[in-house]
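For reference, the chains in residue letters:
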Amino acid sequence: FPVRYLQDPRRGAARARNRGIDASRGEIVAFTDADCLASTGWLRELVNGFAEEEVGGVAGEVLPYPPRTPAERYAARIRHLSPERYLKRPIFPFAVTANLAFRRGVFDVVGLMDPRSPRGGESTDFCTRFFRCTGLQLRLASRAAVFHRHRTTVWDLLDQQWSYGRGHAFLYIKYRDEIPWGWRQTRTVYIDLLRTVAGLGTASAGYLVGGTRKDDLEFAAFELLRKAALRAGFIRQAVSQGYLYA
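Residues numbered from 1 in each chain as written. Predicted model: local features only at pLDDT ≥ 70, side-chain atom pairs only at ≥ 80, totals over all residues. Heavy atoms only, no water.

A. Inspection of the overall build of the protein at higher detail. Check the secondary structure of the protein and you find 9 helices and 5 strands. If you list the helices and strands of the protein from N to C, you get α-β-β-α-β-α-α-β-α-α-β-α-α-α. For the protein, the C-alpha radius of gyration of 19 Å lies close to 18 Å, the compact-globule estimate for 246 residues. The principal-axis extents of the C-alpha atoms in the protein amount to approximately 60 × 45 × 35 Å. With 246 residues in all, the protein has 45% of them scored as buried. Contacts in the protein between residues at least 24 apart in sequence constitute 75% of all its contacts with a sequence separation of at least 6. Accessible area for the protein stands at about 12900 Å²; split by element, carbon and sulfur atoms hold 56% of it. Averaging the locations of the 37 positively and 25 negatively charged side chains of the protein gives two centres separated by 4 Å. (Helix = DSSP H or I, 4+ residues; strand = E, 2+ residues; numbered from the N terminus. Rg over C-alpha atoms; globule rule 2.2 N^0.38 Å. Buried < 20%, exposed > 50% of the residue type's maximum accessible area, 1.4 Å probe, protein only. Contact = heavy atoms within 4.5 Å. Areas by Shrake-Rupley, 256 points an atom, 1.4 Å probe, with all protein chains shown as cover. Lys, Arg positive; Asp, Glu negative; His and termini not counted. Charge placed at Lys NZ, Arg CZ, Asp CG, Glu CD.)

Written out as structure tokens, the structure reads:
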């Protein structure tokens, strides 16, 4: 169910997807987004991924439209929203609902998507519960592709990453008994942020002397902006829920 047909912007994507789940009747429930264009054979390839009984979910590939702006080029370069990237994460592995399908029975075990989650965090939360509660596999079907329009401006990209940061904090608070957030996690994040600052400094110096390409300088700048926005959103959500996470 494309969210554009169901979503009340005041209520959020999780509620819209839950309405779609309730309205659907098939044995497999597939999701995509209003800013995605499905490739030929998309649903067929998703369904083929369920050939084995131990597979409870199938994630399709999310490919970028040809990038035109620096923000789009950055998102394409980091393979933003690609499930192959995010399913490798050691903590909170997930695939985005821009291209994702589950057996109907999964919702009977896991429940619906959590409408309390900040924008962008509902898919991570649902996948976390899927892995913990079902014992089923989430399989990647790279031929089940959709094309996604990444954020075109710096501001839109920052707003998106701010929301992702809020969703990240929401998850650490929700699962704090199992995956606590402490000073070690904070230290790791800020060491990485400092390295990113240093990387931008190195790229800037290289650009001035002609040793760094403009695209690489843009990438270093966007890396810093993305991580800073994630951190700001994380702190904002944590404080709003009464937790002094930094």
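B. Inspection of the pairing of strand β4 (residues 99-103) at higher detail. Of all the 5 residues making up β4, 4 are buried; the element is thus mostly covered by neighbouring parts of the structure. Pairing between strand β1 (residues 28-32) and β4: 5 bridges, direction antiparallel. Bridging across to β4, T32 finds its partner in N99. In this structure, strand β3 (residues 55-64) lies alongside β4, joined through 3 bridges in antiparallel fashion. Its bridge partner lying in β4, V58 is registered against A101. (Pairing = 2+ DSSP bridges.)

C. The arrangement of the packing of helix α3 (residues 70-77) against helix α9 (residues 214-240) in detail. The N-to-C vectors of α3 and α9 enclose an angle of 80°; their axes lie 10 Å apart at closest approach. When the axis of α3 is compared with that of α9, the two are roughly perpendicular. Along its contact with α3, which presents P70, A71, R73, Y74 and R77, the element α9 presents D215, D216, E218, F219, F222, E223 and R226. When its residues are assigned to classes, the contact of α3 with α9 shows 5 nonpolar, no polar and 7 charged. (Axes fitted to C-alpha atoms, helices over the stretch in contact; angles between N-to-C directions. Parallel < 35°, antiparallel > 145°, perpendicular 65-115°, else oblique. Nonpolar A, V, L, I, M, F, W, Y, C, P; charged D, E, K, R; others polar.)

D. Looking closely at the sheet that holds strand β2 (residues 36-38). Strand order across the open sheet formed by 5 strands is β1-β4-β3-β5-β2, with mixed pairing between neighbours. Because the sheet does not close on itself, it has two edges, and the strands there are β1 and β2. When the angles between neighbouring strand axes are averaged without regard to direction, this sheet yields 30°.

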